[in-house]
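So you can see what is in the structure, the chains are spelled out below.
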Amino acid sequence: MIDLRSDTVTRPTAEMRRAMAEAVVGDDVYGEDPTINLLEERAAALMGKEAALLVPTGTMGNTIGIKVHTEHGQEVICESRAHILNYELSMMAWFTGCLARAVVAETGILSWSSIYEQVRPLGPHAAPTGLIEVENTHNMAGGTVYPLDTLREICEEAHKLGLPVHMDGARVFNAAAALGVPVSTVVAPVDTVMFCLSKGLGAPVGSMLAGPKRLIDKGRLLRKRLGGGMRQAGILAAAGLIGLEKMAGRLGEDHENCQYLARELAAIPGVKVERAPETNILFFDVNGTGLSGPEFSARLKERGVLINSAYGVGRLRLLTHFDVDRAACARAVEAVRGVAASGN
Ligand code: TLP
């Protein structure tokens, strides 16, 4: 099977499995797991932040990231297709007691002017804004990347109003690769950033929340409260360390494969590519083939290719990653061509 459903499907490399088997571990709730401590130090250094915290998932990292900045009854400004709003089972509302104030941006990339219109001061009717959230890369807009200037302006203006900024940087290393800058440059203006080890970086489990020490210390208690105190999880951190050292540097290859797929799919009758990919995510529309999205997806599966379809009528999403090389991408193109022809 050629699995293009997500970069979450990546399996740990042989090197990761070896490192996991050999990892030195301890009880992390006592702060005694040397491999986790090392991962947290490395992650903080890479992000250029004071401290970092290993959490089991991106969802938990975002939840804690939002909670450390906010109080119940505040609003969090985010883009309308943000993961925190649409794909985290209302975790933000449930745990942090905050309401999402969604701003529509076609490319998923917010501007300060669009955010500013939605900032609310405390008053007799409105809930005050507590936080701005940005998603970089933006998943549901097709892996789009915040230009550095746009992000800097958002953060500078938000800070002038006393508002913090949290980045859902599940794929922030993809953003850095696309911009050709160190990841610390991308995240420099935001207060906290969550990034995933378990997507393009290939680790089996884990995400990191990085930011000021005072907030990360608070986050450590919230992680325990959420049931995320993981004991000898150094075996997971060992894979994460290799993800940071070895995998972040190769993401450009995934981006090139995604551009290749976009070019090839765009030439198939009935298939419409939504936008040229900046990173490793591509949305395409199959309405012109006479097949529904789920039908298209099911027929692809019969041909050995997995691509998800649950993102709007006739809309499919694929992600490239290190388990799918160029030859496999070429086979996926042939499968899409075959299915598209079977519909007309
Ligand atoms: N994204 C998954 C699905 O949940 C949609 C995927 O296949 O893309 N932020 C962003 C931007 C994400 O894309 C994801 C996962 C998360 C947060 C949550 O990470 P996990 O799954 O580790 O909780």
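Here the structure is a predicted model, which is why all the values come from computation and not from measurement. (Residues numbered from 1 in each chain as written. Predicted model: local features only at pLDDT ≥ 70, side-chain atom pairs only at ≥ 80, totals over all residues. Heavy atoms only, no water.)

## Re the overall build of the protein chain
Item 1. Looking only at helices and strands, the protein chain features 14 helices and 12 strands.
Item 2. Relative to its length of 344 residues, the protein chain is compact, with a C-alpha radius of gyration of 20 Å against a globular reference of 20 Å.
Item 3. Look at the contacts in the protein chain between residues 6 or more apart in sequence, and 74% of them connect residues 24 or more apart.
Item 4. Of the side chains in the protein chain, 35 bear a positive and 39 a negative charge, and the two mean positions are spaced by 3 Å. (Helix = DSSP H or I, 4+ residues; strand = E, 2+ residues; numbered from the N terminus. Rg over C-alpha atoms; globule rule 2.2 N^0.38 Å. Contact = heavy atoms within 4.5 Å. Lys, Arg positive; Asp, Glu negative; His and termini not counted. Charge placed at Lys NZ, Arg CZ, Asp CG, Glu CD.)

## Some remarks on the pairing of strand 10 (residues 281–285)
Item 1. Strand 10 sits mainly inside the fold: 4 of its 5 residues count as buried.
Item 2. Across 2 bridges, strand 9 (residues 272–273) lies against strand 10 in antiparallel orientation. Residue pairing for strand 10: lysine 272 is matched across the bridge by aspartate 285.
Item 3. Relative to strand 12 (residues 315–319), strand 10 runs antiparallel, the two sharing 5 bridges. (Buried < 20%, exposed > 50% of the residue type's maximum accessible area, 1.4 Å probe, protein only. Pairing = 2+ DSSP bridges.)

## Focus on the nonpolar core
Item 1. One finds Met47, Met167, Val172, Phe173, Phe195 and Leu197 to be the most contacted residues of the largest nonpolar core, which totals 51 residues.
Item 2. Residue contributions to this core peak at 7 residues, all from helix 11 (residues 234–247).
Item 3. When sequence neighbours within four positions are dropped, the list of residues in contact with valine 172 reads Met47, Asn136, Met167, Val183, Val186, Val187 and Phe195.
Item 4. Judged by nonpolar contacts, the second largest core, of 28 residues, contains Ile2, Val286, Leu316 and Ala340. (Core = buried A, V, L, I, M, F, W, Y, C linked by side-chain atoms within 4.5 Å.)

## Remarks on the packing of aromatic side chains
Item 1. Evaluation of the coordinates by the stated rule reveals 3 aromatic pairs.
Item 2. Consider the rings of phenylalanine 173 and phenylalanine 195, whose centres lie 5.3 Å apart with planes at 75°: the pair is edge-to-face. Remark: phenylalanine 195 occurs in strand 7 (residues 192–196) and phenylalanine 173 occurs in helix 8 (residues 172–179); sequence separation between them is 22 residues. Pair check on accessibility: phenylalanine 173 and phenylalanine 195 agree, each one buried. (Phe/Tyr/Trp six-rings, centres within 6.5 Å; stacked < 30°, edge-to-face > 60°.)

## Concerning the domain arrangement of the protein chain
Item 1. Here the domain parsing of the protein chain yields domain 1 (9–247) and domain 2 (250–342).
Item 2. Averaged C-alpha coordinates put domain 1 and domain 2 at centres separated by 28 Å.
Item 3. Contacts between the two partners involve 25 residues from domain 1 and, on the opposite side, 16 residues from domain 2.
Item 4. Approximately 1800 Å² of surface area, both sides summed, lies buried where domain 1 meets domain 2, with 56% of it carried by carbon and sulfur atoms.
Item 5. Three residues stand out in domain 1 for area buried against domain 2, namely Met140, Asn174 and Met247, and they jointly supply 27% of the buried area on that side.
Item 6. Among the ionic pairs, arginine 11 bridges to aspartate 323, the shortest N-O distance being 3.6 Å. (Domains from an automatic or database assignment. Buried area = accessible area lost by both parts, 1.4 Å probe. Salt bridge = Lys/Arg side-chain N within 4 Å of Asp/Glu carboxyl O.)

## As for the site of the ligand
Item 1. Not every one of the 15 residues close to the ligand is listed here, only the nearest: Ser6, Thr59, His83, Asn139 and Asp168.
Item 2. Contact between the ligand and threonine 59: an oxygen atom at 2.6 Å from a side-chain N or O atom of the residue.
Item 3. One nitrogen or oxygen atom from the side chain of arginine 171 is found 2.9 Å from an oxygen atom belonging to the ligand.
Item 4. Coverage of the ligand by the protein amounts to 83% of the 510 Å² it exposes when considered alone.
Item 5. Ranked by residues supplied to the shell around the ligand, first place goes to helix 3 (residues 58–67) with 3 residues.
Item 6. Its residues assigned to classes, the shell around the ligand comprises 2 nonpolar, 7 polar and 6 charged. (Near = heavy atom within 4 Å. Polar contact = N/O pair within 3.5 Å; in protein donor to acceptor, adjacent residues only side chain to side chain. Areas by Shrake-Rupley, 256 points an atom, 1.4 Å probe, with all protein chains shown as cover. Nonpolar A, V, L, I, M, F, W, Y, C, P; charged D, E, K, R; others polar.)

## A closer look at the sheet that holds strand 9
Item 1. The sheet built from 3 strands is open, its strands ordered 9-10-12 with antiparallel pairing. The strands lining the two open edges of the sheet, one partner per strand, are strand 9 and strand 12.
Item 2. The strands touched by helix 12 (residues 251–266) are strand 9, strand 10 and strand 12; relative to strand 10, the strand with the most contacts, the crossing angle is about 10°. (Axes fitted to C-alpha atoms, helices over the stretch in contact; angles between N-to-C directions.)

## As for helix 2 (residues 34–47)
Item 1. For helix 2, which comprises 14 residues, the first-to-last C-alpha distance of 20 Å matches the rise-based estimate of 20 Å (1.5 Å per residue) to within 8%.
Item 2. Turning to helix 2, its buried residues are Thr35, Ile36, Leu39, Glu40, Ala43, Ala44 and Met47. Relative to the axis of helix 2, the buried residues are bounded by an arc of 170° and lie together on one face. Relative to its buried face, helix 2 has exposed residues pointing more than 90 degrees away, namely Glu41 and Ala45.
Item 3. For helix 2, the N-terminal capping position is held by aspartate 33, with its side-chain oxygen 3.0 Å away from the main-chain nitrogen of threonine 35.
Item 4. One or two residues past the end of helix 2 sits glycine 48, with phi positive at roughly 70°. (Expected span 1.5 Å × (residues − 1). Arc of directions from axis to C-beta.)

## Quick look at the state of the cysteines
Item 1. Applying the stated criterion across every chain yields a total of 0 disulfides.
Item 2. For cysteine 258, which is in no disulfide, the shortest distance to another cysteine sulfur is to cysteine 329 and amounts to 8.3 Å. (Disulfide = S-S within 2.5 Å.)

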